[in-house]
Amino acid sequence: MKSQFYLTTPIYYINDLPHLGHFYTTLAADVLARYYRRQGREVFFITGTDENSLKTIRAADKVSLTKESYTDQMAKMWRETWDALAISYEDFIRTTEARHRRAVEKFILKVYERGDIYKGKYEGLYCLGCENFKGESELVDGRCPDHQVIPEKRSEENYFFKLSRYQDKLLKYFRENPDFAQPAEQRKEMIKFIEQGLKDVSISRPAGLNEQWGIPLPFDKSQVIWVWFDALINYLSVLDYGEDGQRFEKFWPADLHLVGRDIFRFHAILWPAMLMSAGLPLPKKVFAHGFFTVNGRKMSKTIGNVIAPKDLAQKFGLEASRYLLLAAFPFGQDGDIDEVKLREKYNAELANGLGNLISRVFNLVERHCAGCLAKKPSPRDLSAADKLVEDLNFFEALLKIREAVEWANRRIDEQKLWQLVKENRTAAEKILAELLGLIAEIAEKLSPIMPETSRKILEDIEKGKISKGQPLFPRLI
Ligand code: MSP
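The following paragraphs examine the structure supplied in this document. Bear in mind that the values here come from a model prediction, so they are computed numbers and not experimental data. (Residues numbered from 1 in each chain as written. Predicted model: local features only at pLDDT ≥ 70, side-chain atom pairs only at ≥ 80, totals over all residues. Heavy atoms only, no water.)

In the neighbourhood of the ligand, 23 residues make up the surrounding shell, with Ile11, Thr25, Asp50, Gly260 and Asp262 lying closest. Tyrosine 13 is positioned with one of its backbone polar atoms (N or O) 3.1 Å from an oxygen atom of the ligand. The contact in question runs from an oxygen atom of the ligand to an N or O atom on the side chain of histidine 289, over 3.5 Å. Of all the secondary structure elements, the ones that give two or more residues to the shell around the ligand are β1 (4–13), α1 (20–38), α7 (227–232) and α8 (234–237). Take the shell around the ligand: its biggest share by element is four residues, from β1. Of the residues assigned to the shell around the ligand, the class counts are twelve nonpolar, nine polar and two charged. (Near = heavy atom within 4 Å. Polar contact = N/O pair within 3.5 Å; in protein donor to acceptor, adjacent residues only side chain to side chain. Helix = DSSP H or I, 4+ residues; strand = E, 2+ residues; numbered from the N terminus. Nonpolar A, V, L, I, M, F, W, Y, C, P; charged D, E, K, R; others polar.)

In structure tokens:
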């Protein structure tokens, strides 16, 4: 029986279209999903949209659409964007779906029955951009540092979740499971945060306030559930948790929740506490990747440097864009996406590196062996790349592959292979067959990142009938 692998991206807010930041997380998840499928695992990879948010309503108002038609249109566009970018999700969850509502109701009742929900008064600040409560100390000049807005003052009767009750349990869990929250620096931050003391969180608002839209509390319909408490449960509702589905039996607990570090606390602290309260097993791993700037600046509409994934794909091609994003900087760290550097990288590593290697070898095989040559085992071992991908270290994995490409291109130069084929056919064929073996190995390792390109390369080599064809990565000027 295949062992399963359940993998998630965050579900995204749909008050706007996907940008490169959303693509980054979704792409990494897609690469892992494709990697584990090739390893023979039964992968369940999901993404979706977070729709029960005030931001959604405001965005719908702006374009004078009803909430329903706005969310339908936007969710469709998000889905289509992922389809166009070859994101191989197994399911797509929207939090306005009935299956989600059922799962949320079932889950919150469990937490309620556990005695972890009580009524209280919330007085404080709320940032709509974050959809989160803010302390004075988190503000800079009275504004949320991430959204540059003055948070709303709120004073209302709400229900609270007893997060404080899980403080010690969480700490114990973090200590006993050092791989649970990654990478290490983010894990440390989380431990520090828990050690400072966890406060209970408000998880509902009076319905109707500010035209609130969302899922009513099943035990008090005059209140609507806070969007984050609702959103996190998507990881269960997509498994038909609300219907006691078989998917849930099969895939829970998740193998990996992949998120940006902006929302790590929700995933590494609040979500595990919610699961503990509901008596469910915790995900095996939560991983926070870094944030990137574009040309040195935070991506923002005001600055006008928001890049849509399709813009990048138009410039470099989809497969190359996938490579370039993961090769730009290490996945767990912050970085910068600079268009000039991406172009340089494209020309150096894809056009002159990999593309050139393949075209030189295929060309020689076509011209001198009539395209027929069986590959020999690869002279370089690239198996280390697998472990690196499993550790979400895509950057190092690509470095290993690049080194192999450079090694092979050097070998062709040193052996003057284009002369050797004329002078000593047997010796040249041996080298060419080995290089075919190496190219096949490289294509195999690159296949989760560049599935189509790899498929084409492998197909030619496996067929044993090689033709040079069009350049894979034409040089960009
Ligand atoms: N709806 C919540 C998530 C709920 S999950 C239960 C949310 N949505 S979001 O649309 O704001 O998406 C945030 C995510 O987008 C980040 O966690 C990250 O994965 C990705 N990124 C957004 N901007 C980014 C960068 N500039 N750099 C890297 N990733 C970025 O939060």
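Moving on from the coordinates now.
Side chains Val286 and Ala288 project from strand β13 (residues 286–289) onto one buried face, and the interleaved Phe287 and His289 project onto a second face that is buried too. Where strand β7 (residues 181–182) lies against β13, two bridges are found, and the strand directions are parallel. Each residue of the ladder has a partner; that of alanine 181, found in β13, is valine 286. The sheet contact formed by strand β12 (residues 256–260) and β13 spans four bridges and is parallel. Within β13, the residue paired with glycine 260 across the bridge is histidine 289. (Buried < 20%, exposed > 50% of the residue type's maximum accessible area, 1.4 Å probe, protein only. Pairing = 2+ DSSP bridges.)

In this structure the tally under the stated criterion is 36 salt bridges. Here aspartate 334 ties to arginine 261 by a salt bridge, and the two come within 2.6 Å at their closest N and O atoms. Within this pair, whereas aspartate 334 is found in the loop between α12 (318–328) and β15 (335–337), its partner arginine 261 is found in the loop between β12 and α10 (264–278), the two being separated by 73 residues in sequence. In this structure aspartate 334 comes out as partly exposed when scored by relative accessible area, which is 43%. Exposure remark for arginine 261: the relative accessible area of 34% places this residue in the partly exposed category. In this structure, glutamate 459 engages arginine 455 in a salt bridge whose closest nitrogen and oxygen atoms are separated by 3.0 Å. Taken together, the residues glutamate 459 and arginine 455, both in helix α18 (residues 451–463) and four residues apart, mark about one turn of the helix. Take arginine 455: its relative accessible area is 39%, and that puts it in the partly exposed class. One salt-bridge network, held together by shared partners, links Asp91, Glu97, Arg99 and Arg247. (Salt bridge = Lys/Arg side-chain N within 4 Å of Asp/Glu carboxyl O.)

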